[in-house]
Amino acid sequence: MAVELVLRSTRVITPGGTRAASVAVAAGKITAVLAHDAEVPAGALLEDFGDDVLLPGLVDTHVHVNDPGRTEWEGFWTATRAAAAGGITTILDMPLNSLPPTTTVDHLRVKQDVARAKAHVDVGFWGGALPDNVKDLRPLHDAGVYGFKCFLSPSGVEEFPQLDQERLATSLAEITGFGGLLIVHAEDPHHLESAPQNPGPKYADFLASRPRDAENTAIQNLIDQARRLNARVHVLHLSSSDALPLIAAAKAEGVRITVESCPHFLTLTAEEVPDGATEFKCCPPIREAANQDLLWDALADGTIDCVVSDHSPSTADLKTGDFATAWGGISSLQLGLPAIWTEARRRGRTLEDVVRWMSAAPAALAGLDAKGAIEAGRDADFAVLAPDETFTVDPAELHHRNQVTAYAGKTLYGVVKSTWLRGTRIADHGTPTEPTGRLLERQN
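Residues numbered from 1 in each chain as written. Predicted model: local features only at pLDDT ≥ 70, side-chain atom pairs only at ≥ 80, totals over all residues. Heavy atoms only, no water.

> Help me get a handle on the pattern of salt bridges, residues and values and all.
Within this structure, the stated rule accounts for 32 salt bridges. Here D224 ties to R227 by a salt bridge, and the two come within 3.0 Å at their closest N and O atoms. Taken as a pair, D224 and R227 lie in helix 7 (residues 212-229) at a separation of three residues, close to a single helical turn. Its salt-bridge partner being R347, residue D293 comes within 2.9 Å of it at the nearest N-O pair. Placement of the pair is D293 in helix 10 (residues 289-301) and R347 in the loop between helix 11 (336-346) and helix 12 (351-366), with a sequence separation of 54 residues. D293 sits in the partly exposed class, given a relative accessible area of 35%. Since its relative accessible area comes to 26%, R347 is described here as partly exposed. Each of K29, D122, K371, D379, D381 and R422 takes part in one network of salt bridges that share partners. (Salt bridge = Lys/Arg side-chain N within 4 Å of Asp/Glu carboxyl O. Helix = DSSP H or I, 4+ residues; strand = E, 2+ residues; numbered from the N terminus. Buried < 20%, exposed > 50% of the residue type's maximum accessible area, 1.4 Å probe, protein only.)

This is the structure we're talking about:
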């Protein structure tokens, strides 16, 4: 294939490290990573980014798009525009908060039909595991979902009930039988029910209502089930550092478990949340600074595998001043890369680390073999980042449908200059182009 495009930078992040390079692209694929001064083939377009960093497009495997059914909360058009503006080139949509939820093949087709013409980035889908849909899991797997999400405690929406331990075992056995992946919201309902419930505006009261023990117990039970069945499981949005020794021991033993955390747990702390500021509410909750330090240590040693957004927006009216009744979710899709980079650089971590956590590892989790790295044979998906430039978050400049964010007013490092999907520029200085994203289905 004739090279059509060459992207050049003095800092290209590849699996072998960061180096000056020229990246050749043909038919939407990376064909070679060449010397910085490599001759540009006749007829090829050269894009030279100077000292701005060329990194692989980010992969966000935890996004609540809420479309169809609750599109006033978000939607594929706005969510994927926000993703493109933030350097994300692939998202996986969660099966709940849309109506219908992605719990049957027919429901998956409804969602795909809605997403097809609206996707500015590539979009794949998780299925849902409910108490009554075990019969639907294999058909969903065969239809191309990347795995199955379940809750072990109430999800917050009545159409997506949680699994008790018996139904968890049944669903996990079924999914393991066809080589699938179960991703789990791991909070134990009994610990939540016994925790103090004091509604009102005080963040300390909300934090007490979602104790670490709820996460720790649910994760231990999940490890036990995974060990018994030799199942593949993934812990969603880990916030409790107390669970890290359990996870590390399970991994060392050979239990097939992976773990994610999120920008809000890694950059925001309970100590800074003002009373009544329910834009900070999520479940599990943002915890204390000492807890956050241990999460960063776990990222560094590999106990936590990846960082994804858990973008879970709502309309502003659902973010009431009462933490007990406000919708629980953080809007951060467009801001994840600069938020994590700002904290990572403060802690002495590198952009190579950030790429591993936010691109390579999420791609590996979902089996997205064409994504997650700048190397020959992968999709030509890139973000161009000015890592030393700063900006102050103005909610009005976000592409999310509802400009409610816990990051309002924060000054962050890392300006995304452009985003590229299969060799086409899909966002330029924060402004997305027309949608060219594709719908993805699991291939292996």
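Read on, since the account is not over.
> With reference to specific residues and values, describe the packing of aromatic side chains.
Considering all chains together, one arrives at nine aromatic pairs under this definition. Following the ring pairs from residue to residue traces out a cluster consisting of Y203, F206 and F323. In this arrangement the basic side chain of R70 is found over the ring face of W73, its NZ or CZ atom lying 5.3 Å from the centre. In this structure, R345 packs its charged tip against the face of Y413, placed 3.7 Å from the ring centre. (Phe/Tyr/Trp six-rings, centres within 6.5 Å; stacked < 30°, edge-to-face > 60°. Lys NZ or Arg CZ within 6 Å of the ring centre and 35° of its normal.)

> Mind laying out the packing of helix 7 against helix 8 (residues 244-253), listing which residues take part and the relevant values?
Across the interface, helix 7 lies against helix 8 with an axial gap of 10 Å and an inter-helix angle of 10 degrees. With respect to helix 8, the element helix 7 is oriented roughly parallel. Packed against helix 7, whose contacting residues are N216, I219, Q220, I223 and R227, the element helix 8 presents L246, I247, A250 and E253 at the interface. Of the residues in the contact of helix 7 with helix 8, the class split is five nonpolar, two polar and two charged. (Axes fitted to C-alpha atoms, helices over the stretch in contact; angles between N-to-C directions. Parallel < 35°, antiparallel > 145°, perpendicular 65-115°, else oblique. Contact = heavy atoms within 4.5 Å. Nonpolar A, V, L, I, M, F, W, Y, C, P; charged D, E, K, R; others polar.)

> Before we move on, can you summarise the nonpolar core with the specific residues and values?
In terms of nonpolar packing, the biggest core is built from 95 residues, with F148, L182, L238 and V354 touching the most fellow members. The residues touching F148, leaving out its near neighbours within four places in the chain, are W126, G127, G128, A129, L137, L140, H141, I175, F178, L181, L182 and I183. Residues L130, F151, V157 and A366 belong to the second largest nonpolar core, which totals 20 residues. (Core = buried A, V, L, I, M, F, W, Y, C linked by side-chain atoms within 4.5 Å.)

> So what about the sheet that holds strand 6 (residues 58-63)? Which residues, and what values?
Two strands in a sheet stick together by hydrogen bonds in their backbones, pointing the same way (parallel) or opposite ways (antiparallel). Here we have three strands laid out as an open sheet, ordered 6-7-8, and parallel in their pairing. Each edge of the sheet is formed by a strand with only one pairing partner; in this case those strands are strand 6 and strand 8 (122-125). For this sheet, the mean angle separating the axes of adjacent strands, direction not counted, is 20 degrees. In the packing of helix 12 onto the sheet, contacts are made with strand 6 and strand 7 (88-93), and the angle to strand 6 comes to roughly 55 degrees. (Pairing = 2+ DSSP bridges.)

> Before we move on, can you summarise unusual backbone geometry with the specific residues and values?
At the junction of D67 and P68, the peptide bond is cis and its omega measures out at 5 degrees in the coordinates. Here the residue pair L99 and P100 is connected by a cis peptide bond, since its omega of 5 degrees sits within 30 degrees of zero. Phi at N97 is positive, roughly 80 degrees, even though this residue is not glycine. Along the chain, N97 falls in the loop between strand 7 and helix 2 (105-115). Residue N97 is classed as buried on the basis of its relative accessible area of 3%.

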